[in-house]
Amino acid sequence: ELRLDDATVEPRYTVGATEFRREAFASFPAQVLVVRLTAARPGQLTFSIGIDSPQQGTRVESTAPDTLQLTGQIQPRQNPARSWTGSWDKPGLRFAAVLRVLTEGGSVREDGDRLAIFGADAATIVFSGATSFRTYRDIGGDALARARDILTRAAAQRYDRLRQAHVDDFGGLFSRVQLRLGEDRSTETTDRRIKRFAETEDPSLLALYHAFGRYLLI
């Protein structure tokens, strides 16, 4: 489920007798991606997590039992003459990402270049990323220091404060406009509404798309 009014994504599923829930959002105020995992029963969260990149030559390491970091630099590349992307013969931007897992109950430990979480009641994953870009003339910034600083400030906040700051920031823009084309009484999933749109009268789907477009723009 994507909730357009507060810009959060929430998958829910059941395994055996336990319902699991994830809530994810990208916070502009905190400059981090946040994922919150919970279970209806205590001690049910056991999983591992890692980070990687499609760029060549990246390095992933654990810097604490609950923290991973990725570092790398864009390498020289020769692209085909008709490619949309040009070629370059010197290393480019440095980039970095830092991920921390904050658990309630259970434990977290290093597992090579991943983190392993065992028997947690809840877990909050905070992810930050940065590059060495300063200006178009200067790409000598410290990407890792930036990513670490962003994550440290965000991870020091409680989850509910991070979420509320995100909702307030997004809502201040999203709530400026509202479009209604009749009352939306549909109980179908959006993909089914789209498939049936040519055969049914569903003007509220257009209003939903208007809201979705504004969500994407913000």
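Details of the structure are given in the entry above.
Overview of the structure. As the structure is a prediction and not an experimental result, all values here were calculated from the model.

1. Some details on the overall build of the protein
A count of helical and extended segments in the protein gives four helices and 12 strands. Looking at the protein as a whole, 33% of its 218 residues are labelled buried. Here the analysis covers contacts within the protein between residues at least 6 apart in sequence; of these, 53% occur between residues at least 24 apart. If you sum the accessible surface of the protein, you get close to 13,800 Å²; carbon and sulfur atoms cover 51% of it. For the protein, the distance from the average site of its 30 positive side-chain charges to the average site of its 28 negative ones is 4 Å.

2. Thoughts on the sheet that holds strand β10 (residues 107–111)
The strand order β6-β11-β10 describes an open sheet built from three strands, whose pairing is antiparallel. Pairing within the sheet leaves two strands with one partner each, and these edge strands are β6 (45–49) and β10. The mean angle between the axes of side-by-side strands here comes to 15°, regardless of whether they run parallel or antiparallel. Bridge analysis of β10 against strand β11 (residues 114–120) gives five bridges, and the strand direction is antiparallel. Residue pairing in the sheet places E110 in a bridge with L115 of β11.

3. Considering the packing of helix α2 (residues 159–174) against helix α4 (residues 203–217)
Where α2 contacts α4, the two axes come as close as 10 Å, and the packing angle between them is 125°. The angle between α2 and α4 falls in the class oblique. Of the two possible hands of crossing, α2 and α4 adopt the one that is right-handed. Of the residues in α4, those in contact with F170, L173 and F174 of α2 are A211, R214 and Y215.

4. Describing helix α1 (residues 143–155)
Taking 1.5 Å of rise per residue, the 13 residues of α1 would be expected to cover 18 Å, and the 18 Å separating its terminal C-alpha atoms lies within 8% of that figure. If you check which residues of α1 are buried, you get A143, L144, A147, I150, L151, A154 and A155. Buried residues in α1, looked at end-on, bunch into an arc of 135°, giving them a common side. Looking at the packing, one finds that the buried side of α1 touches β5 (32–39), β8 (67–73), β9 (94–104), β12 (122–131) and α2. The backbone nitrogen of L144 has a side-chain oxygen 3.3 Å away, supplied by the residue at the start of α1, namely D142.

5. A look at the side chain of R214
If you trace the backbone, R214 turns up in helix α4. At 11 Å, D5 is the nearest oppositely charged side chain to R214, a buried residue that forms no salt bridge. Those residues in contact with R214 that lie beyond four places of it in its chain are L173, F174, R176 and V177.

6. Describing a nonpolar patch on the surface
A cluster of nonpolar side chains, contributed by L2, V9, I194, Y209, F212 and L216, occupies part of the molecular surface with about 510 Å² of accessible area. On the secondary structure map, I194 appears in helix α3 (residues 190–196).

7. A short note on the pairing of β9
With seven bridges connecting them, β8 and β9 associate as antiparallel partners. Note on β9: the bridge partner recorded for G72 is F95. Summarising the sheet, β9 and β12 pair through 10 bridges and their orientation is antiparallel. Residue F95 lies in a different strand from β12, and its bridge partner there is T131.

8. Details of the environment of A116
Mapped onto the secondary structure, A116 falls in strand β11. Judged by relative accessible area, which is 5%, A116 ranks as buried. Through-space distance from the C-alpha of A116 to that of D66 is 8.8 Å; in sequence the pair is 50 residues apart. Ignoring sequence-local partners within four residues, the contact set of A116 consists of F47, S48, S107, V108, R109 and D111.

9. What about the pattern of salt bridges?
The final tally for this structure, using the stated rule, is 18 salt bridges. Across the salt bridge formed by E23 and R3, the nearest N and O atoms sit 2.7 Å from each other. Linking E23 in strand β4 (residues 18–27) with R3 in strand β1 (residues 2–3), this pair joins segments that are 20 residues apart in sequence. Under the relative-accessibility criterion, E23 is labelled buried at 4%. Within the structure, one salt-bridge network assembled from shared partners comprises E1, R3, D6, E10, R12, R21, E23 and R163.

The rules behind each value
Residues numbered from 1 in each chain as written. Predicted model: local features only at pLDDT ≥ 70, side-chain atom pairs only at ≥ 80, totals over all residues. Heavy atoms only, no water. Helix = DSSP H or I, 4+ residues; strand = E, 2+ residues; numbered from the N terminus. Buried < 20%, exposed > 50% of the residue type's maximum accessible area, 1.4 Å probe, protein only. Contact = heavy atoms within 4.5 Å. Areas by Shrake-Rupley, 256 points an atom, 1.4 Å probe, with all protein chains shown as cover. Lys, Arg positive; Asp, Glu negative; His and termini not counted. Charge placed at Lys NZ, Arg CZ, Asp CG, Glu CD. Pairing = 2+ DSSP bridges. Axes fitted to C-alpha atoms, helices over the stretch in contact; angles between N-to-C directions. Parallel < 35°, antiparallel > 145°, perpendicular 65-115°, else oblique. Left-handed = near helix turned anticlockwise from the far one by under 90°. Expected span 1.5 Å × (residues − 1). Arc of directions from axis to C-beta. Polar contact = N/O pair within 3.5 Å; in protein donor to acceptor, adjacent residues only side chain to side chain. Salt bridge = Lys/Arg side-chain N within 4 Å of Asp/Glu carboxyl O. Patch = residues over 30% accessible without salt bridge, like charges linked within 9 Å, V, L, I, M, F, W, Y side chains within 5 Å.

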